[in-house]
Amino acid sequence: MAEISNTNPQIRDQYSPLSTLAMQAIRRFGDFHPGTIDGDVMLMFLEFANMVIDDVRMHPYHDGSDIDYYESADEWRPIPDQVMVNGLLYHYAMQQGSQKLELYMPMYNRSLNQQLWYKLNGNTKIQMRVMDDGTNPANSNGATTDTYNGTVSWD
């Protein structure tokens, strides 16, 4: 299963640089023209992006892969672009004390759940899982249960 984030295919084949994602977030938020922001605002978005990395690292659907913090706005990280943009919007709305927070917080949580689940399990349904992971011979009948998504397979 290949996970590709193609929000900006004109720039990169996979994940976009933070500077591009920050400009998209500023445009969507609608406060001011993205071209008029100064370096301090970009540094603030760098901090927000590192907060999004923390959110991804701690999410139960995160696959445990290493994700380094941003050190520059020109870098990219293996986080889907939509998760990063929605995370930047959420953190910016919270910092601004904006009523838009009511819109951006659920969008961010939904994109985190959807994108990380897809990255971990593809397009599978969430299923209930036997607490002993189906390893008890009395319950499994020769089947194994995937510990991530609860799907049962017979070998």
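Everything below is about the structure shown above.
The numbering scheme is per chain: residues are counted from 1 as the chain's sequence reads. Totals for whole chains, interfaces and linings use all residues, but because this is a predicted model, local features are given only for residues with pLDDT of at least 70 and pairs of side-chain atoms are given and counted only at 80 or more. By convention in this description, side-chain values take in all heavy atoms of the structure and omit both hydrogens and water.

Comments concerning the nonpolar core
Item 1. Take the buried Ala, Val, Leu, Ile, Met, Phe, Trp, Tyr and Cys residues and link them wherever side-chain atoms come within 4.5 Å; each set so joined is a nonpolar core. Only protein chains enter the accessibility calculation, which uses a 1.4 Å probe; a residue is then buried when its area is under 20% of its type maximum, exposed when over 50%, and partly exposed in between. Counting 33 residues, the largest nonpolar core has Phe-45, Val-56, Tyr-70, Ile-79, Val-83, Met-84 and Leu-88 as the members making the most contacts within it.
Item 2. Segments assigned H or I by DSSP are reported as helices when at least four residues long, segments assigned E as strands when at least two residues long, and all are numbered from the N terminus. Counting residues per element, the ones that place at least two in this core are helix H1 (18-29), helix H2 (39-58), helix H3 (81-96) and helix H4 (101-121).
Item 3. It is H2 that provides the largest number of residues to this core, a total of ten residues.
Item 4. Dropping the residues within four chain positions of it, Tyr-70 is found in contact with Leu-18, Leu-46, Ala-49, Asn-50, Ile-53, Glu-75, Trp-76, Arg-77 and Met-84. Should any heavy atoms of two residues lie within 4.5 Å, those residues are counted as being in contact.

As for the environment of Lys-119
Item 1. Structurally, Lys-119 is set in helix H4.
Item 2. Accessibility expressed as a relative area gives 22% for Lys-119, which makes it partly exposed.
Item 3. Lys-119 sits 40 residues away from Ile-79 along the chain, and the two C-alpha atoms are 9.8 Å apart.

Things to note about the packing of H1 against H2
Item 1. Where H1 contacts H2, the axes come no closer than 10 Å and their chain directions differ by 100°. On the basis of their axis angle, the class for H1 and H2 is roughly perpendicular. Here H1 contributes Leu-18, Ser-19, Ala-22, Met-23, Ala-25 and Ile-26 to the contact with H2, which in turn contributes Val-41, Met-42, Phe-45, Leu-46 and Ala-49.
Item 2. Residues belonging to the contact of H1 with H2 are distributed by class as follows: ten nonpolar, one polar and no charged. Whenever a helix is involved, its axis is fitted only over the stretch in contact; in every case the axis is a line through C-alpha atoms, and angles between N-to-C directions fall within 0 to 180 degrees. Under this scheme an angle from 65 to 115 degrees is roughly perpendicular, one under 35 degrees roughly parallel, and one over 145 degrees roughly antiparallel; angles in between are oblique. Note that Gly is not counted as nonpolar here; it falls among the polar residues with everything else outside the nonpolar set of Ala, Val, Leu, Ile, Met, Phe, Trp, Tyr, Cys and Pro and the charged set of Asp, Glu, Lys and Arg.

Things to note about the packing of aromatic side chains
Item 1. The pairing test for Phe, Tyr and Trp rings, Trp by its six-membered ring, is centres within 6.5 Å, and the orientation test on the planes gives stacked under 30 degrees, edge-to-face over 60, and tilted for anything in between. For the coordinates displayed, the defined rule picks out seven aromatic pairs.
Item 2. Aromatic side chains Tyr-15 and Trp-76 sit 5.8 Å apart centroid to centroid with 15° between the ring planes, which places their arrangement in the stacked category. Here the residue Tyr-15 occupies a position in the segment before H1, and Trp-76 occupies one in the loop between H2 and H3, the gap between them amounting to 61 residues.
Item 3. A relative accessible area of 5% places Tyr-15 in the buried class.
Item 4. Exposure remark for Trp-76: the relative accessible area of 33% places this residue in the partly exposed category.
Item 5. An aromatic cluster is defined as three or more aromatic residues linked by ring pairs; in this entry it consists of Phe-29, Phe-45, Phe-48, Tyr-92 and Tyr-104.
Item 6. Our definition puts a charge over a ring when NZ of Lys or CZ of Arg is within 6 Å of the ring centre and also within 35 degrees of the ring normal. Positioned above the aromatic ring of Tyr-70 is the side chain of Arg-77, whose terminal nitrogen or guanidinium carbon lies 5.0 Å from the ring centre.

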